[in-house]
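Observations on the model geometry
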Amino acid sequence: MRKFPFSAQILLGLVLGVALGFLAREGDLSWLAGTLDTVGGLFVQLLKLAVPPLVFTAIVVSVVSLRGVANAARLALKTLLWFGVTALIAVSLGLGIGLLTDPGRGVSLDVGGATAPKTTGSWTDFLTGIVPTNPVGAFVEGNVLQIVFLALVVGAAALLVGAAAEPFVEVNRAVLAIVQKALWWVIRLAPIGTLGLIGHAVASYGWDLLAPLAKFTTAVYVGCAVVLFVVYPLLLVTAGRLNPLRFFAGAWPAIELAFVSRSSVGTMPVTQRSVERLGVPREYASFAVPFGATTKMDGCAAIFVAQVFGVDLGVGDYLLIAFVSVVGSAATAGLTGAIVMLTLTLSTLGLPLAGAGLLLAIDPILDMIRTATNVAGQAVVPTIVAAREGILDRDAYANAGRRDLTDADETTDRPARTDDLTPAPA
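Residues numbered from 1 in each chain as written. Predicted model: local features only at pLDDT ≥ 70, side-chain atom pairs only at ≥ 80, totals over all residues. Heavy atoms only, no water.

1. Structural notes on the nonpolar core
Within the largest apolar cluster, 51 residues are counted, with the highest numbers of intra-cluster contacts made by Tyr232, Phe247 and Tyr284. Among the elements of the structure, helix H2 (30–66), helix H3 (69–101), helix H6 (144–161), helix H10 (214–240), helix H11 (244–261), helix H12 (264–277), helix H13 (282–288) and helix H18 (363–389) are those that each provide at least two residues to this core. Sort the elements by how many residues they give to this core and H18 lands first, with nine residues. In terms of nonpolar packing, the next biggest core, distinct from the first, is built from 26 residues, Val44, Val186, Val270 and Ile365 among them. (Core = buried A, V, L, I, M, F, W, Y, C linked by side-chain atoms within 4.5 Å. Buried < 20%, exposed > 50% of the residue type's maximum accessible area, 1.4 Å probe, protein only. Helix = DSSP H or I, 4+ residues; strand = E, 2+ residues; numbered from the N terminus.)

As structure tokens, then:
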């Protein structure tokens, strides 16, 4: 199997998963559907298990290795700015497609039976979504944004302390090396995990469930596809002077895994490895990838709910949707699921929260393309920033698709280099 490209292995797992899922659904084989669910769920669990120690130790080591907090702050600021730009573009597209398609017009749904989700978003989660009340809780819950915050603070403190903190930094380096080695054992199981994840999705959701919401589902997929295959390539060409085909060749394994796993957090180790393979220095990629802002189509979803409930939206409402969708990504960073973000948008607009309940049934199907688009954005932004700062290895970028993601090479085991993050002269 080592001679069989990793991306091809995932594709094979996807095809077999679709076949087994279809067999389980048509043959009413509950045991097969349950087995697929267990296999896929266990794989995502194993990935998520490694994420907290990986993110924390990688960022601490990276910040210390920068030997200059000012440069790290500059890169972080530009990264957040670009994530904000891509999020705003995505939200604007969602609004535009929603206005063009009118996804809620003519939809026959029993809104009387709709109930609000148990978990909802609120603006009070904004600060608590970034600053943890309990450091241990951030790791237990797998709250990536809070872990990033803690790691940046600890890394900066260790940098200022200097030699006295070196034993602590060495422990982090050792833990990072161990976690990376164990993690790649798990990632080699991705084809099997893909089989279980996509198989369970096919066994659980069919056209009979999607038919009433076909227009809305199509609008979401079209919108995400435009972001993924039009917006991102244009940004790579215009802002980074990079070949989009080479980007997709390097990042495709992460995008594939994101689509079937529906977990940006679970896919993050593969995303980070893909970004490094594209020529982004590890010291930058290790804190840029976790910063990934959520790319959503909440504008389209909010329009759908408003139309189903017969509520007319004005220009001010659309501007408010855009603001909530971009800024609210941080407000709900510690919460799980796109439905939570949608409830924040609906409550801010004064729309019935029960409208989110109408989409619960098909949210997993929508979440597949949303997560794939989000993960692609997590790879695009660091690549563009690295290219503009002059720290991108363009030779590695040009050859990204010619090396298998799981090959052991200098990208995996090379020592940290502070000169990789020295910006090119202006």
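2. Re the packing of helix H7 (residues 166–187) against H12
Between two packed helices, the angle of one axis relative to the other and the distance separating the axes together describe the packing. Following both chains from N to C, one finds H7 and H12 inclined at 105°, their axes separated by 11 Å at the closest point. Relative to H12, the element H7 is oriented roughly perpendicular. Across the interface between the two elements, Leu183, Trp184 and Ile187 from H7 touch Pro269, Val270 and Arg273 from H12. For the contact of H7 with H12, the residue count by class is five nonpolar, no polar and one charged. (Axes fitted to C-alpha atoms, helices over the stretch in contact; angles between N-to-C directions. Parallel < 35°, antiparallel > 145°, perpendicular 65-115°, else oblique. Contact = heavy atoms within 4.5 Å. Nonpolar A, V, L, I, M, F, W, Y, C, P; charged D, E, K, R; others polar.)

3. Overview of a nonpolar patch on the surface
Together, Leu42, Leu46, Leu49, Leu189 and Ile192 line one region of the surface with nonpolar side chains, adding up to about 470 Å² of accessible area. Note that Ile192 resides in helix H8 (residues 190–204). The exposed category is assigned to Ile192, whose relative accessible area is 51%. (Patch = residues over 30% accessible without salt bridge, like charges linked within 9 Å, V, L, I, M, F, W, Y side chains within 5 Å. Areas by Shrake-Rupley, 256 points an atom, 1.4 Å probe, with all protein chains shown as cover. Salt bridge = Lys/Arg side-chain N within 4 Å of Asp/Glu carboxyl O.)

4. Some words on unusual backbone geometry
Although it is not a glycine, Asp28 adopts a positive phi angle of roughly 55°. With respect to the secondary-structure elements, Asp28 resides in the loop between helix H1 (6–26) and H2. A relative accessible area of 67% means that Asp28 is categorised as exposed. Residue Arg241 is not a glycine yet carries a positive backbone phi of 55°. With respect to the helices, strands and loops of the structure, Arg241 is situated in the loop between H10 and H11.

5. A word on the packing of aromatic side chains
The tally for this structure, following the rule as stated, stands at five aromatic pairs. When the centroid spacing of 5.5 Å and the interplanar angle of 65° are considered together, the rings of Phe56 and Phe139 count as edge-to-face. Taken together, the residues Phe56 in helix H2 and Phe139 in helix H5 (residues 135–141) connect sequence positions 83 residues apart. Feature note: the residues Phe229, Phe247, Phe248 and Trp252 constitute an aromatic cluster, connected by ring pairs. (Phe/Tyr/Trp six-rings, centres within 6.5 Å; stacked < 30°, edge-to-face > 60°.)

6. Considering the side chain of Asn172
Within the secondary structure layout, Asn172 lies in helix H7. For Asn172, a relative accessible area of 4% gives the class buried. In contact with Asn172, other than residues within four places in its own chain, are Phe56, Thr57, Val60 and Val61.

7. So, the pattern of salt bridges
What the rule picks out here adds up to five salt bridges. Linking Glu389 and Lys78 is a salt bridge whose minimum nitrogen-to-oxygen distance equals 2.5 Å. Of the two residues, Glu389 sits in helix H18 while Lys78 sits in helix H3, which places them 311 residues apart along the sequence. A salt bridge links Arg282 to Glu276; its shortest N-O distance comes to 3.8 Å. Across the pair, Glu276 and Arg282 agree in class, each one buried.

8. Some remarks on the confidence of the model for the protein
Predicted confidence across the protein gives a mean pLDDT of 77, with 75% of residues reaching 70 or more. No element of the protein has a lower mean pLDDT than helix H20 (residues 410–413), at 41, and none a higher one than helix H19 (residues 394–398), at 91. (pLDDT = per-residue confidence, 0-100.)

9. Overview of H11
Compared with an ideal rise of 1.5 Å per residue, which puts 18 residues at 26 Å, H11 spans 24 Å between its outermost C-alpha atoms and is within 8% of the ideal. At Ala251, H11 shows its maximal bend, which comes to roughly 55°, and the proline Pro253 appears one to four places after that position. Looking at where H11 begins, the residue whose side-chain oxygen comes 2.9 Å from the main-chain nitrogen of Leu245 is Asn243. Phi turns positive one or two residues past the end of H11, at Arg262, with a value near 60°. (Expected span 1.5 Å × (residues − 1). Bend = angle between axes of the 7 residues up to and from the residue. Polar contact = N/O pair within 3.5 Å; in protein donor to acceptor, adjacent residues only side chain to side chain.)

10. With respect to H18
Helix length check: H18, at 27 residues, gives a terminal C-alpha distance of 38 Å against a target of 39 Å (1.5 Å per residue), a fit within 8%. In terms of burial, H18 is a largely internal element, 26 of the 27 residues being buried. Taken from the residues just after H18, Gly390 is the one with a positive phi, measuring 75°.

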